[in-house]
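# Summary of the model geometry
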Amino acid sequence: MEAIWIYQFRLIIIGDSTVGKSCLLRRFTEGKFADFSDPTVGVDFFARLVEIEPGKRIKLQLWDTAGQERFRSITRSYYRNSVGGLLVFDVTNRRSFQQVKNWLDEAKMHVQPFQIVLMLVGHKCDLGLQRQVTREEAEKLALACGMKYIEASAKDAINVEESFTILTRDIYELVKRGEINIQENWEGVKSGFIPNVVHSSEEAVKPGRRCPC
Ligand SMILES: Nc1nc2c(ncn2[C@@H]2O[C@H](COP(=O)(O)OP(=O)(O)OP(=O)(O)O)[C@@H](O)[C@H]2O)c(=O)[nH]1
Ligand SMILES: [Mg+2]
């Protein structure tokens, strides 16, 4: 019986307020973009399946954190159970780029004793004329901090799929190589879900039966 998903990865999305974290997640999970987006209060939850290889799916549990300082004590508690994350800044907001090191330090401190795979996202790349951070300097920072770098736009649907799938693939490779292991009392990686076998055609069409993902 084929598994619905072979692994579940829990990912966290971090970065300053207004860089577009919630919009990025909404584009990735619902395929939508709205010009008006309320600041996140505490933490929001999204989920999506990603096909990593033909027939092999990974379930992503996605934690969207508030960038505002006043929610920091809540958002900090979500690092520990995350195997990976997107660290997002806004290419038109230099201050959000200057905060990247602080976000990285914050993540590293609170993920202990586990490790987290982070990828840097230069967001709102649709706003070319207002750019305050060059691709080169962002790439340099990412390299120095051991992260991959990608530029994306939730608005124009540029590299949104790629941001999540590249990160998911990198984590998948580490899991396959045994460099990240499933552990009790840690929600970062869970192993697969195999659906119950349905024995009769009558059972199969019963109303209200839902895939649990
Ligand atoms: N031009 C452009 N604007 C965007 C893009 N993504 C988000 N925005 C705008 O940026 C603003 C903030 O977006 P949010 O997704 O709410 O930002 P956030 O990072 O979740 O903010 P917090 O929840 O406070 O941490 C909204 O007005 C969005 O319309 C994008 O790709 N391009
Ligand atoms: Mg938000």
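Being a predicted model, the structure only gives us computed values, none of them experimental.

### Comments concerning the confidence of the model for the protein chain
- The share of residues in the protein chain with pLDDT of 70 or more is 89%, and the mean pLDDT across the chain is 91.
- Residue range residues 199-213 is modelled with pLDDT below 50. Its contacts to residues more than four positions away, or to other chains, number 11 contacts.

### Concerning the coordination of the magnesium ion (ligand 2)
- Coordination of the magnesium ion (ligand 2) by the protein involves Ser 22 (OG) and Thr 40 (OG1), with metal-donor separations of 2.0 to 2.1 Å. One end of the pair, Ser 22, is in helix α1 (residues 21-30); the other, Thr 40, is in the loop between α1 and β2 (43-53), with 18 residues separating them in the sequence. Note on accessibility: Ser 22 and Thr 40 belong to one class, buried.

### Things to note about the nonpolar core
- Formed by 35 residues in total, the largest nonpolar core has its most connected members in Phe 9, Leu 24, Leu 86, Phe 164, Ile 171 and Ile 180.
- Elements supplying a minimum of two residues to this core: β1 (5-14), α1, β2, β3 (56-65), β4 (84-90), β5 (117-123), β6 (148-152) and α6 (160-176).
- If we ignore the near neighbours within four places in the chain, the residues touching Phe 164 are Ile 13, Leu 24, Leu 25, Phe 28, Leu 62 and Leu 86.
- Of all hydrophobic cores here, the second largest spans 24 residues; its members include Ile 14, Trp 63, Val 91 and Leu 141.

### Digging into the environment of Glu 137
- You can see Glu 137 is positioned in helix α5 (residues 135-144).
- Separated by 40 residues in sequence, Glu 137 and Phe 97 have C-alpha atoms that sit 9.9 Å apart.
- Residue contacts for Glu 137: discarding those within four places in its chain leaves Arg 94, Phe 97 and Gln 132.
- In terms of polar contacts, Glu 137 uses its side chain to reach the side chain of Arg 94, at 2.9 Å.

### A short note on the site of ligand 1
- Near ligand 1 you find 24 residues, and of these Ser 17, Lys 21, Asp 35, Ser 37 and Gly 67 are the closest.
- Taking Ala 154, its main chain carries an N or O atom lying 2.9 Å from an oxygen atom of ligand 1.
- Here ligand 1 loses 90% of its free accessible area of 650 Å² to cover by the protein chains.
- For the shell around ligand 1, the leading source of residues is α1, giving 3 residues.

### Examining the packing of aromatic side chains
- Under the counting rule described, the total for this entry stands at 8 aromatic pairs.
- Here Phe 89 and Phe 97 contribute two aromatic rings whose centre-to-centre distance is 5.0 Å and whose plane-to-plane angle is 55 degrees, an arrangement assigned as tilted. Like Phe 89, the residue Phe 97 is buried in the burial classification.
- Measuring from centroid to centroid gives 5.1 Å for Phe 114 and Trp 186, while their planes differ by 20 degrees, and the two rings are stacked. Taken as a pair, Phe 114 in the loop between α4 (100-111) and β5 and Trp 186 in the loop between α6 and β7 (189-193) lie far apart in primary sequence, 72 residues in all. Pair check on accessibility: Phe 114 and Trp 186 agree, each one buried.
- Here the aromatic cluster, defined as three or more aromatic residues joined through ring pairs, consists of Tyr 7, Phe 9 and Tyr 172.
- One Lys or Arg, Arg 48, reaches over the ring of Phe 28 and ends 4.1 Å from the middle of that ring.

Rules behind the numbers
- Residues numbered from 1 in each chain as written.
- Chains lettered and ligands numbered in written order.
- Predicted model: local features only at pLDDT ≥ 70, side-chain atom pairs only at ≥ 80, totals over all residues.
- Heavy atoms only, no water.
- pLDDT = per-residue confidence, 0-100.
- Contact = heavy atoms within 4.5 Å.
- Donors = N, O, S within 2.8 Å, 3.2 Å for Na, K, Ca; no water.
- Helix = DSSP H or I, 4+ residues; strand = E, 2+ residues; numbered from the N terminus.
- Buried < 20%, exposed > 50% of the residue type's maximum accessible area, 1.4 Å probe, protein only.
- Core = buried A, V, L, I, M, F, W, Y, C linked by side-chain atoms within 4.5 Å.
- Polar contact = N/O pair within 3.5 Å; in protein donor to acceptor, adjacent residues only side chain to side chain.
- Near = heavy atom within 4 Å.
- Areas by Shrake-Rupley, 256 points an atom, 1.4 Å probe, with all protein chains shown as cover.
- Phe/Tyr/Trp six-rings, centres within 6.5 Å; stacked < 30°, edge-to-face > 60°.
- Lys NZ or Arg CZ within 6 Å of the ring centre and 35° of its normal.

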